[in-house]
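Listed below are the residues making up each chain.
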Amino acid sequence: MFEGRLRLFLVWLCATLFMAPVSLAVAQEKDGVGDLKLPGISSYATPKSETPLALGGGGAITLSAQLTDKGTDITRGLVWRVFKPEAVNGKLPMVASAHGGSAVFQLEPGSYLVHASYGRAGATKRITVGKDAKRESLVLDAGGLKLDAVLSGGVRIPPKKLRFSIYEGTAEANGDRALIIPDVEPNSVVRLNAGIYHVVSTYGAVNAVIRSDIRVEAGKLTEATVEHHAAEITMKLVREAGGEAIADTSWSLLNESGDPIKETVGAFASMVLAEGDYTIIAKNRDRIYQKDFTVVAGQNQEIEVLATEAAAMDPEEGAD
């Protein structure tokens with residue numbers, strides 16, 4: 001009899017254990033968790049193109065650009081920007097952009113303004129996009145400009161001391177010109193629309209400046225070299241010829257007309273000056289010394305100003 005009761009107890013225990021998960025599942029369904037349905041992996045797919053779905057029904061338009069009307073397509077260096085033609089808050093909304101050579105855009109049917117820039121050269125064109133694929137090309141009418149400068153006799157100028165600025169060729173009513181590109185390094189190629197440009201070449205940081213008008217032709221690289229009539233000058237204040245430079249000296253440089261053009265402080269005063277006549281004034285410990293000198297194009301020189309009683313000036317000289 002004992003064995004029979006034991007067998008009945010085991011059967012009841014097993015039935016209770018198997019019933020527990022069912023009860024738990026029913027409780028979860030009542031909490032709402034059992035209603036959650038996750039989609040299978042087959043419900044998602046990677047888009048076949050990077051085109052936004054909103055534009056999927058639009059037409060594909062291929063844009064290309066050439067330097068001249070008979071030139072080949074530019075393959076790199078282009079920046080494309082596509083705008084809607086209606087301004088919003090005074091600005092045209094940009095809807096797409098691309099870099100490189102020819103570009104393909106998927107756009108909704110309608111009218112757009114396309115701008116292609118190639119360096120500082122650029123062109124804008126109005127296009128119409130339909131449902132069918134089409135091509136459009138822009139002629140930039142542009143070329144390249146490469147600048148350099150030398151001294152008299154063809155002597156090369158250190159590139160670090162040479163810079164160019166490119167301005168519009170036509171001056172405004174007040175004589176000013178619109179600056180296009182500042183601080184252009186020598187022998188670098190600048191892409192510009194065809195036309196005449198005003199180029200300013202600066203050697204050093206004082207007055208060695210050459211101005212010239214240069215024409216850029218479409219589809220060609222224009223190389224222009226200007227000639228500077230200047231030299232590098234180093235000045236020092238010494239107690240005797242060939243002596244050591246005296247520190248803590250203040251320098252003032254005057255041109256031939258007596259106008260100050262440069263001031264500096266130090267044992268040495270080094271600068272690039274255009275050819276011509278100058279006066280240098282050195283001041284040290286309330287003593288003032290002066291010397292006249294001439295700059296010859298292409299002839300670098302060191303100028304010594306003697307700190308002697310004979311060369312000293314009266315600080316009150318010229319005072320009212």
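Nothing here was measured: the structure is a model prediction, and the numbers come from that model.

Draft legend 1. Spatial organisation of the pairing of strand E8 (residues 142-151). Across the ten residues that make up E8, a large majority, nine, are buried. In this structure, E8 lies alongside strand E11 (residues 189-193), joined through five bridges in antiparallel fashion. Residue pairing for E11: Leu145 is matched across the bridge by Val190. In terms of strand pairing, E8 meets strand E14 (residues 221-228) through eight bridges, oriented parallel. Looking at E14, one finds that Gly144 is bridged to Leu221.

Draft legend 2. How the structure looks around the sheet that holds E11. Pairing in this open sheet of three strands is mixed, and the strands run E11-E8-E14 from one edge to the other. Whereas interior strands pair on both sides, the edge strands pair on one side only; in this sheet they are E11 and E14. Taken pair by pair, the neighbouring strands of this sheet meet at an average axis angle of 35°, ignoring direction.

Draft legend 3. Seen up close, the pattern of salt bridges. One pass over the full model with this rule turns up eight salt bridges. With a shortest N-O distance of 3.6 Å, Glu302 and Lys236 are connected by a salt bridge. With Glu302 in strand E21 (residues 301-306) and Lys236 in strand E15 (residues 230-238), this residue pair connects regions lying 66 residues apart in the sequence. Its relative accessible area of 48% is what places Glu302 among the partly exposed residues. Where Lys236 meets Glu304, a salt bridge forms, and the shortest distance between an N and an O atom there is 3.8 Å.

Draft legend 4. Up close: the sheet that holds strand E10 (residues 179-184). Overall, antiparallel pairing links the four strands, which are arranged E10-E9-E12-E13 in an open sheet. Of all the strands in the sheet, the pair left with one neighbour each is E10 and strand E13 (208-216). For this sheet, the mean inter-axis angle between neighbouring strands, taken without regard to orientation, is 20°. Note: strand E9 (residues 162-168) against strand E12 (residues 195-203), seven bridges, orientation antiparallel. Its bridge partner lying in E12, Ile166 is registered against Val199.

Draft legend 5. Up close: the side chain of Thr222. Looking at the secondary structure, you find Thr222 in strand E14. With residues up to four places along the chain from it excluded, the contact list for Thr222 reads Gly144, Leu145, Lys146, Ile214, Arg215, Val216 and Glu217.

Draft legend 6. The arrangement of the packing of aromatic side chains in detail. If you walk through the whole model with that rule in mind, you get one aromatic pair. The interplanar angle of 20° and the centroid separation of 5.7 Å between the aromatic rings of Tyr278 and Phe293 together place this pair among those described as stacked. Of the two residues, Tyr278 is situated in strand E19 (residues 276-284) and Phe293 in strand E20 (residues 287-295); the sequence distance between them amounts to 15 residues. Considered together, Tyr278 and Phe293 belong to a single accessibility category, that of buried residues. We note Arg191 situated over the ring of Tyr118; from NZ or CZ to the ring centre the distance is 4.3 Å.

Draft legend 7. Representation of the side chain of His198. If you trace the backbone, His198 turns up in strand E12. Only 2.8 Å separates the side chain of His198 from the side chain of Asp213, close enough to count as a polar contact. The contacts of His198, once residues within four sequence positions are left out, are Ser165, Ile166, Tyr167, Glu168, Gly169, Arg177, Arg211, Ser212 and Asp213.

Criteria and cut-off values
Residues numbered from 1 in each chain as written. Predicted model: local features only at pLDDT ≥ 70, side-chain atom pairs only at ≥ 80, totals over all residues. Heavy atoms only, no water. Buried < 20%, exposed > 50% of the residue type's maximum accessible area, 1.4 Å probe, protein only. Helix = DSSP H or I, 4+ residues; strand = E, 2+ residues; numbered from the N terminus. Pairing = 2+ DSSP bridges. Axes fitted to C-alpha atoms, helices over the stretch in contact; angles between N-to-C directions. Salt bridge = Lys/Arg side-chain N within 4 Å of Asp/Glu carboxyl O. Contact = heavy atoms within 4.5 Å. Phe/Tyr/Trp six-rings, centres within 6.5 Å; stacked < 30°, edge-to-face > 60°. Lys NZ or Arg CZ within 6 Å of the ring centre and 35° of its normal. Polar contact = N/O pair within 3.5 Å; in protein donor to acceptor, adjacent residues only side chain to side chain.

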